[in-house]
Amino acid sequence: MTIQEFYIAIGGDFEDVKHRLMTEKLITRFVMKFPGDPSMQQLRDALAQDDKEVAFRAVHTLKGVAANLSFTQLQKAASDLTEQLRPKTEAADPILYNKVEETYRQTIDAIKQIEA
């Protein structure tokens, strides 16, 4: 899978990220680093511990990383959960959280298919 095919597969915006990062080589480099970002695991851990503050920060960070890489679907899912958690007074909505998990897994699975 090429980097352009990857963006199509995840519902991302290749032209947007290309405008920001300029070359396919640089885009690929940053995309390949994404699985090492700790935000998703921090979100999972925070929700398991009912730590609303850390959960909010983790999903907010995930949203920002997704936005910078133009992972449009993941950004949208993370944004929805970010806004729900913003007051830091209630647990994560399971529907919103599951959408983040699903979109994250799809993104990671697609990254694994990129030709090195």
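The structure contained in this document is the topic of the report that follows. (Residues numbered from 1 in each chain as written. Predicted model: local features only at pLDDT ≥ 70, side-chain atom pairs only at ≥ 80, totals over all residues. Heavy atoms only, no water.)

### Brief notes about the pattern of salt bridges
Between side chains of opposite charge, a pair can form as their charged atoms come close. This structure, assessed with the given rule, holds eight salt bridges. Note that Lys52 is salt-bridged to Asp50, the shortest N-O span being 3.1 Å. Lys52 sits in the partly exposed class, given a relative accessible area of 21%. Using a relative accessible area of 47% as the deciding quantity, one classes Asp50 as partly exposed. (Salt bridge = Lys/Arg side-chain N within 4 Å of Asp/Glu carboxyl O. Buried < 20%, exposed > 50% of the residue type's maximum accessible area, 1.4 Å probe, protein only.)

### Remarks on the nonpolar core
By size, the foremost hydrophobic cluster in this structure holds 35 residues, and its most contacted members are Phe6, Tyr7, Val31, Phe34, Leu43 and Phe71. Here the element with the most residues in this core is helix α5 (residues 52-68); it accounts for seven residues. Look past the residues within four positions of Phe71 in its chain and what remains in contact with it is Phe6, Tyr7, Ile10, Val31, Phe34, Ala66 and Thr107. (Core = buried A, V, L, I, M, F, W, Y, C linked by side-chain atoms within 4.5 Å. Helix = DSSP H or I, 4+ residues; strand = E, 2+ residues; numbered from the N terminus. Contact = heavy atoms within 4.5 Å.)

### Concerning the side chain of Ser70
Here Ser70 is to be found in the loop between α5 and α6 (72-85). Taking the relative accessible area as the measure of exposure, Ser70 reaches 2% and is therefore buried. There is a polar contact of 3.3 Å between the side chain of Ser70 and the backbone nitrogen of Val17. (Polar contact = N/O pair within 3.5 Å; in protein donor to acceptor, adjacent residues only side chain to side chain.)

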